[in-house]
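What the coordinates show
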Amino acid sequence: MQHVILFDAMLHLDSPTEAARWCSAQRDRGSTIGFVPTMGALHSGHLSLVTRACNENTACCASIFINPLQFEDAEDYDAYPRDTESDLALLKSHGCDMVFMGSLHQFFPEISDINEIKTLSAGPHGSGLEGQFRPGHLDGVTTIVERLFRTVGAARVYFGEKDFQQTLVVSDLARDMGYPEVVVCPTVREDSGLALSSRNVLLSTDEKTRAQRIYPALLAARDAWSSGERDPGRLSAIMMECLSLDGLVVEYAEVRDPGHWISEPQATPLEHGQALIAVRIGSVRLIDNLRLDQ
Ligand code: AMP
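Described in the following lines is the structure provided in the data block. What you are looking at is a predicted structure, and each value in this text was computed from that prediction instead of being measured.

1. A look at the pattern of salt bridges
According to the stated counting rule, one finds 15 salt bridges in the structure shown. Its salt-bridge partner being E130, residue R285 comes within 2.9 Å of it at the nearest N-O pair. On the criterion of sequence distance, the pair formed by R285 in strand β9 (residues 284-291) and E130 in helix α6 (residues 130-133) is long-range, its members being 155 residues apart. With respect to class, R285 is no different from E130; both count as buried. Ionic pairing is found between D172 and R175, a salt bridge with its closest N-O pair at 3.4 Å. Of this pair, D172 and R175 both sit in helix α8 (residues 164-177), three residues apart, which is roughly one turn of the helix. It is possible to trace a salt-bridge network through shared partners that takes in E130, E251, R280 and R285.

Quick look at the structure:
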């Protein structure tokens, strides 16, 4: 599909009402909108989503919003990397037509205290793993993503497979809302295999070396799967062994059947497998995952 640059300069809007108006005008003139929600501190992983949204739609919109509802811990929220100037330049140079940077208050003008906001439930895919280790996180994601979907009215939204459980949750939300189409994009990695993440800049050199053990652990699970291993407990143990390292705390290292999500680790042999890992290295939490049966 031909991507049309609608403005010489990328439009930057802060108000959901104005953003909704711009999006509605695009739809009225027959444009399809591809939308990329982000929390900023953009890297090549985010930009791969923007490029794809530009290529597959006639207008591309991104949002930069560090959503307080998805942080359980105020310190983590405060420490989250921010670089708006660089983000805007990158979005513009990658063909984004409009960037939307609303605040929580603009999304919920009727509410003065964040604790009064009634969050939506992330649904069945919100339980277990991220749901267990970051209680409320995926509910917070769902609450904001629902507002963003309604504001933008996109034909397609682009999410990274790196946040695998999030892709399941937002796909449920989009199905319940009746739109948009959710496009899940592959994880972009450094040469070392480490998945790009905005949080990587918070790692010291030593911590980054430890983080580079995550991908080999996922590959070890995939090798075992290729050799016929289907026992979730043994696959988990293989990953745990690769991750056994001072200064690296494993929250989970599990293989799950993505088509049969349950809140507890599966006890019976798997038919399909997605290996998922979450670790803490110092104050930084990282997640990654890999499909084993493709
Ligand atoms: P975030 O800003 O971390 O909320 O991420 C915004 C979007 O970019 C989400 O859909 C993420 O899954 C996606 N994303 C983050 N890191 C990567 C990566 N390394 N490769 C591809 N997509 C990514």
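Now that the structure has been shown, the text picks up again.
2. Some remarks on the sheet that holds strand β7 (residues 249-256)
Spatially, the three strands line up as an open sheet ordered β7-β8-β9, and their pairing is antiparallel. Here the strands that pair on one side only, and so sit at the sheet edges, are β7 and β9. Sheet twist, expressed as the average angle between the axes of neighbouring strands with direction ignored, equals 10°. Of the strands in this sheet, β7, β8 (274-281) and β9 are in contact with helix α10 (residues 214-226), which crosses β9 at around 25°. The strands touched by helix α11 (residues 232-242) within the sheet are β7 and β8, with β7 carrying the most contacts at an inclination of about 145°.

3. Observations regarding the environment of D246
With respect to the secondary-structure elements, D246 resides in the loop between α11 and β7. When the C-alpha atoms of D246 and R210 are compared, they prove to be 8.7 Å apart, with 36 residues separating the residues in sequence.

4. Structural notes on the site of the ligand
Within the structure, the ligand sits among 17 residues, and M39, G160, D163, V188 and L196 are positioned closest to it. M39 has a polar backbone atom sitting 2.9 Å from an oxygen atom of the ligand. For the ligand, a nitrogen atom lies 2.9 Å from a polar atom in the backbone of V188. For the ligand, the protein covers 92% of the area, taking 490 Å² as the surface of the free molecule. When residues of the shell around the ligand are traced back to their parent elements, those giving at least two are β2 (33-38), α2 (44-56) and β5 (156-160). The dominant element in the shell around the ligand, judged by the number of residues it contributes, is α2, at three residues. Split into classes, the residues belonging to the shell around the ligand amount to eight nonpolar, seven polar and two charged.

Calculation rules
- Residues numbered from 1 in each chain as written.
- Predicted model: local features only at pLDDT ≥ 70, side-chain atom pairs only at ≥ 80, totals over all residues.
- Heavy atoms only, no water.
- Salt bridge = Lys/Arg side-chain N within 4 Å of Asp/Glu carboxyl O.
- Helix = DSSP H or I, 4+ residues; strand = E, 2+ residues; numbered from the N terminus.
- Buried < 20%, exposed > 50% of the residue type's maximum accessible area, 1.4 Å probe, protein only.
- Pairing = 2+ DSSP bridges.
- Axes fitted to C-alpha atoms, helices over the stretch in contact; angles between N-to-C directions.
- Contact = heavy atoms within 4.5 Å.
- Near = heavy atom within 4 Å.
- Polar contact = N/O pair within 3.5 Å; in protein donor to acceptor, adjacent residues only side chain to side chain.
- Areas by Shrake-Rupley, 256 points an atom, 1.4 Å probe, with all protein chains shown as cover.
- Nonpolar A, V, L, I, M, F, W, Y, C, P; charged D, E, K, R; others polar.

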